[in-house]
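Single-letter residue listing:
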Amino acid sequence: MRALSFVASSLLLMAIAFINPALAKDEVNPVQITEWQVPYEDSRPRDPFAQSADSVWFVGQRSHYLARLDVKSGEFEKVDLPDDAGPHNLIVGSDGIVWYAGNLKSYIGRYDPETGEFISIPMPDKAARDPHTLIFDEGERHIWFTVQGGNFVGRLNIADHKVDLIPIPTERARPYGIRMAPDGTIWAVLFGTNKLAEINPDTLVLKEHVLSHEDSRPRRLEIADNGDIYYVDYSRGYLGHYVPQSGEQAEYALPGGDASRPYSSALDDKGRIWLVETGALPNRLIGFDPANQAFMSVTDIPSGAKSVRHMHYLKDDNSLWFGTDANTIGRAILDVE
C-alpha cells in the first residue's frame with residue numbers, strides 16, 4: 001500500500017472563521033505528515049500503538065479487527081476478532097502481546113501474535129460494560145483503564161488477570177483519557193464533568209479535582225515530567241493546565257477558538273504537548289510549548305481526518321502516530337524546533 005507523504009499545504013480546504021488571532025489561519029512551523037490508506041473500508045482505524053518505528057498496531061472499531069502496519073513495505077496484516085467486540089483501543093507489551101478493549105462485549109482482550117491465541121478477561125461487574133482506554137503502569141505489571149459508560153476506572157493484574165474496579169463518585173462522569181504520573185499516580189479525565197480523577201495505585205482510593213470553569217469537558221490528558229497535568233477541553237476549545245501540588249490552574253485558548261473541539265493528545269520527549277483540533281476540516285495538529293506557554297506549530301492533516309481520537313508518541317524516531325475517521329493511519333515527524 002503506497003503512503004501519501006508530504007508536508008501539508010498551507011491552504012485550508014475550508015474557510016475557518018473562528019481562528020484565534022494569536023496564530024494565523026495558515027500553517028505555522030508545519031510538521032511532515034505521512035498517511036497510509038487502510039484497505040478495510042470505513043472500518044474506523046484508531047488508537048495506533050507503535051511497537052517500533054517499523055511496526056504499528058491499531059484497531060478497527062467498526063469492523064472488529066486488530067491490524068498491523070509494516071511501515072517499510074506499507075503492507076497491512078489484519079486479524080479478525082472472534083466476536084463483534086467493537087475494539088476501542090489497544091496497547092502492545094514489551095513481550096509483543098497485544099491487549100485491547102472489547103468495548104461492546106465488556107472485556108479486555110489478550111492476543112498473542114506468535115500463537116494466534118485470544119483470551120478474553122471479563123469485567124467482574126456487569127455495570128462495567130464498556131472498557132475504553134488502556135495504559136500500562138511502570139514495569140507492565142498492571143493495565144489501567146477507563147470504563148466510560150459504566151463509570152469506573154479499572155486495574156487489570158497482568159500476572160493473574162484479576163480485575164479491580166473503582167467507581168467514580170460523580171454519576172455519569174464518563175471517565176475517558178487516562179495517564180500515569182511520574183510518581184506512579186493514575187490520573188483520568190471525567191469527560192461528562194469539569195473534573196479530573198486521581199487514583200492512588202496502592203490503596204485504589206480515588207479523589208476528584210474540580211476544574212475552574214463549570215463548562216469544561218476534559219477529554220484527554222498528558223502529564224509532564226514535573227507532574228503537571230495538561231488536558232484538552234473539548235467543549236470550550238482550550239488547553240488546560242493543572243498543578244496537583246498547589247491546585248493552580250491555567251488555560252490557553254486554542255488557535256481554532258471555541259469551536260476547535262480538541263480531542264486526541266500526546267506528549268513528546270521535549271515536554272511539548274500535541275493535540276488535534278477536530279472541529280475544523282481538515283483537522284489540525286497543534287503543538288504547544290509549556291516552556292514558552294505558547295502554541296508553536298499548526299499543521300493541516302492531509303486526508304482531512306474527519307476525527308483523530310487518540311495518538312501515540314514513539315521516542316525512537318520522534319514520531320506521532322494516529323488513526324483517522326477518513327480511514328487512514330498517520331505519522332507526524334516532530335522535527336520542529
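Figured I'd write up the structure that's included with this text. Source: prediction; values computed, not measured.

### What to know about the layout of surface pockets
Quantified by volume, the largest pocket comes out at close to 1300 Å³. R179, E222, L267, H312 and Y313 are the residues nearest the centre of the largest pocket, which is lined by 43 residues in total. Those elements giving two or more residues to the lining of the largest pocket turn out to be β3 (45–50), β7 (87–92), β11 (131–136), β15 (175–180), β19 (218–223), β23 (262–267) and β27 (311–314). Residue composition of the lining of the largest pocket, grouped by class: 21 nonpolar, 10 polar and 12 charged.

### Digging into unusual backbone geometry
A cis amide bond links L281 to the next residue, P282, at an omega of 5°. Of note, P282 is situated in the loop between β24 (273–277) and β25 (284–289). Even without being a glycine, R174 presents a positive backbone phi close to 55°. Within the secondary structure, R174 sits in the loop between β14 (163–167) and β15. In this model, K306 sits at a positive phi of 70°, which is unusual for a non-glycine residue. Position of K306 relative to the elements: it lies in the loop between β26 (294–300) and β27.

### Structural notes on the pairing of strand β20 (residues 229–233)
Summarising burial for β20: five of the five residues are buried, a large majority. Here β20 shows no split at all, with I229, Y231 and D233 on one side and Y230 and V232 on the other all buried. Alignment of β19 against β20, held across four bridges, turns out to be antiparallel. Across the sheet, I223 pairs through a bridge with I229, a residue of β20. In this sheet, strand β21 (residues 238–242) lies alongside β20 in antiparallel orientation, the contact comprising five bridges. The partner of Y231 across the bridge, within β21, is G240. Hairpin geometry of β20 and β21 is characterised by an intervening segment of four residues between the two adjacent antiparallel strands and by a positive phi of about 80° at G237.

Reading the values: rules and limits
- Residue positions within a chain follow its written sequence, with the count starting from 1.
- Note on the predicted model: pLDDT of at least 70 is required for a residue's local features to be given, and 80 or more for side-chain atom pairs to be given and counted; whole-chain, interface and lining totals, by contrast, use all residues.
- Calculation of side-chain values draws on the structure's entire complement of heavy atoms; hydrogens and water are dropped beforehand.
- The definitions used throughout rest on a 1 Å grid laid over the protein atoms alone, on which a cavity is an enclosed set of points accommodating a 1.4 Å probe that cannot get out and a pocket is an open set flanked by protein within 12 Å on both sides along at least five of seven lines; lining residues are those having an atom within 4 Å of a point.
- Grid points are joined across faces, edges and corners, and a volume is the space filled by probe spheres set on the points.
- Secondary structure is summarised from DSSP: a helix means a run of H or I of at least four residues, a strand means a run of E of at least two, and numbering begins at the N terminus for each.
- Put simply, Ala, Val, Leu, Ile, Met, Phe, Trp, Tyr, Cys and Pro go in the nonpolar bin, Asp, Glu, Lys and Arg in the charged bin, and everything else, Gly too, in the polar bin.
- Summary of the burial criterion: residues with accessible area below 20% of their type's maximum are buried, those above 50% are exposed, and those between are partly exposed, where the area comes from a 1.4 Å probe applied to protein chains only.
- At least two DSSP bridges between two strands are needed for those strands to be called paired.

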